[in-house]
Amino acid sequence: MLIDSHQHTNWHGKDCAAVVADMDRAGIDVSWLLSWEVPEHEYDPGYYHVFDPRDVGLPFTRIVEACTRFPSRFVAGYAPDPRRHDCIERLEAAVRMHGVKVYGELKVRILFDDPDVLRVFRRCGELKLPVVFHIDIPARERPKPPARDYWYCVDIDRLETALKACPETIFVGHAPGFWRHISGDGYTAPEAYPKGEVTPGGRVQALMRQYPNLYADLSAGSGLTAISRPPQGQGRAFLLEFQDRLLFGRDCFDDRLMDCLKTQDLPREAFDKITHRNALRLVPLER
Ligand SMILES: [Zn+2]
């Protein structure tokens, strides 16, 4: 079995039927479909390369449509903006009426330890919804206008406050601002996607060792880059140590992560945990 824990619909020119066709091609049984509810002024117009201009971000309505058409292939995710006064009520309604199982993808311009945000995280713990979040840190050099600095869910240190404050909530780390900290130079590396040698003292490992409620998905260029960085064997050692809390995910429609996992020569048990058993433990399937 194979579960993609990080996918979207109605992007890259794919409606939900096309997403299912691509899952069939890639041998994926089930995908978690995540929303991106974001104010229009908070996202990079560059996303229109892959986003439908009828929508703002990746709206929940598309996910409900997809799950209604393909109920055995998708798990519904939804992350209403935690700054909304009605965030918790909306989320509860989405759970009750549309079977939402994941709070994600959270990708808005918030600080992780904001009291309104922590309140939502605590409710997610009570509702048993894993929180899938996207960290992008402010650029080292501020882009020149009109380009903006699109940071989200800042940052790894404030994440620690949330991990501590919400021990019953499962957090699933994702995106460049999270994965850069697989290396000890996570605070100083100038690139958005550092590719150099992983040095000791990575915050990701430290937090995962200390907080059993921290998981991570390996999706997108960020996860793949992190486990592909030198020195030789670094990625495999990471996958083995955290095999109980890593999730296979794509956040795109290619096979690069699976190709990479296959070359790691992982024990069957670790491979199975990462590719579906961990995801099943977080979100059991009703089938
Ligand atoms: Zn995503």
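Residues numbered from 1 in each chain as written. Predicted model: local features only at pLDDT ≥ 70, side-chain atom pairs only at ≥ 80, totals over all residues. Heavy atoms only, no water.

Moving on to the overall build of the protein. When helices and strands are counted, the protein shows eleven helices and eight strands. Against the globule reference of 19 Å for 287 residues, the protein gives a C-alpha radius of gyration of 18 Å, in line with a compact fold. Counting only C-alpha atoms and orienting by the principal axes, one finds that the protein spans roughly 45 × 45 × 35 Å. Taken across its 287 residues, the protein has 57% of its residues classed as buried. Accessible area for the protein stands at about 12,600 Å²; split by element, carbon and sulfur atoms hold 53% of it. (Helix = DSSP H or I, 4+ residues; strand = E, 2+ residues; numbered from the N terminus. Rg over C-alpha atoms; globule rule 2.2 N^0.38 Å. Buried < 20%, exposed > 50% of the residue type's maximum accessible area, 1.4 Å probe, protein only. Areas by Shrake-Rupley, 256 points an atom, 1.4 Å probe, with all protein chains shown as cover.)

The next point concerns the nonpolar core. One finds Y103, F121, L159, F171, F178, W179 and L246 to be the most contacted residues of the largest nonpolar core, which totals 78 residues. Filtering out sequence-adjacent residues up to four positions away, W179 remains in contact with G173, H174, V204, A216, D217, L218, S222, G223, A226, F238 and L246. Grouped together as the second largest cluster of nonpolar side chains are 13 residues, I3, Y215, L247 and V283 included. (Core = buried A, V, L, I, M, F, W, Y, C linked by side-chain atoms within 4.5 Å. Contact = heavy atoms within 4.5 Å.)

Take H6: it is sitting in strand β1 (residues 3-7). By relative accessible area, H6 is classed as buried at 0%. Filtering out sequence-adjacent residues up to four positions away, H6 remains in contact with W32, L34, E105, V132, H174, D217, S219, G249, R250 and D251.

For the zinc ion, the protein coordination sphere consists of H6 (NE2), H8 (NE2), E105 (OE) and D251 (OD), at 2.1 to 2.6 Å. Around the zinc ion sit four donor atoms; with metal-centred angles ranging over 79 to 170 degrees, the donor geometry is irregular. (Donors = N, O, S within 2.8 Å, 3.2 Å for Na, K, Ca; no water. Tetrahedral: all angles 85-135°; square planar, octahedral: opposite > 155°, others 65-115°.)

For the pair helix α3 (residues 87-98) and helix α4 (residues 115-127), the least separation of the axes is 10 Å and the interaxial angle reads 25 degrees. Taken as axis vectors, α3 and α4 run roughly parallel relative to one another. The interaxial crossing formed by α3 with α4 has right-handed handedness. Contacts from C87, I88, L91 and E92 in α3 reach R119, V120, R123, C124 and L127 in α4. Class assignment for the residues of the contact of α3 with α4 results in six nonpolar, no polar and three charged. (Axes fitted to C-alpha atoms, helices over the stretch in contact; angles between N-to-C directions. Parallel < 35°, antiparallel > 145°, perpendicular 65-115°, else oblique. Left-handed = near helix turned anticlockwise from the far one by under 90°. Nonpolar A, V, L, I, M, F, W, Y, C, P; charged D, E, K, R; others polar.)

With an omega of 0 degrees, the peptide bond running from G104 to E105 counts as cis. Structurally, the position occupied by E105 is in strand β4 (residues 103-106). Geometrically, the link from P230 to P231 is a cis peptide bond, its omega value of 0 degrees lying close to zero. Mapped onto the elements, P231 comes out in the loop between α8 (220-228) and α9 (234-241). Here the phi dihedral of K128 falls at roughly 60 degrees; this positive angle occurs in a residue that is not glycine. Mapped onto the elements, K128 comes out in the loop between α4 and β5 (131-133). For K128, a relative accessible area of 66% puts it in the exposed group.

Before going further, it helps to examine the sheet that holds strand β6 (residues 171-173). Spatially, β4-β5-β6-β7-β8 is the arrangement adopted by the five strands of the open sheet, whose pairing is parallel. Every other strand in the sheet has two partners, leaving β4 and β8 (246-247) as the edge strands with one partner each. Together, β4, β5 and β6 form the strand contacts of α4, whose direction differs from that of β4 by roughly 145 degrees. (Pairing = 2+ DSSP bridges.)

Everything listed here is a matter of coordinates, which is why it stays silent on function.
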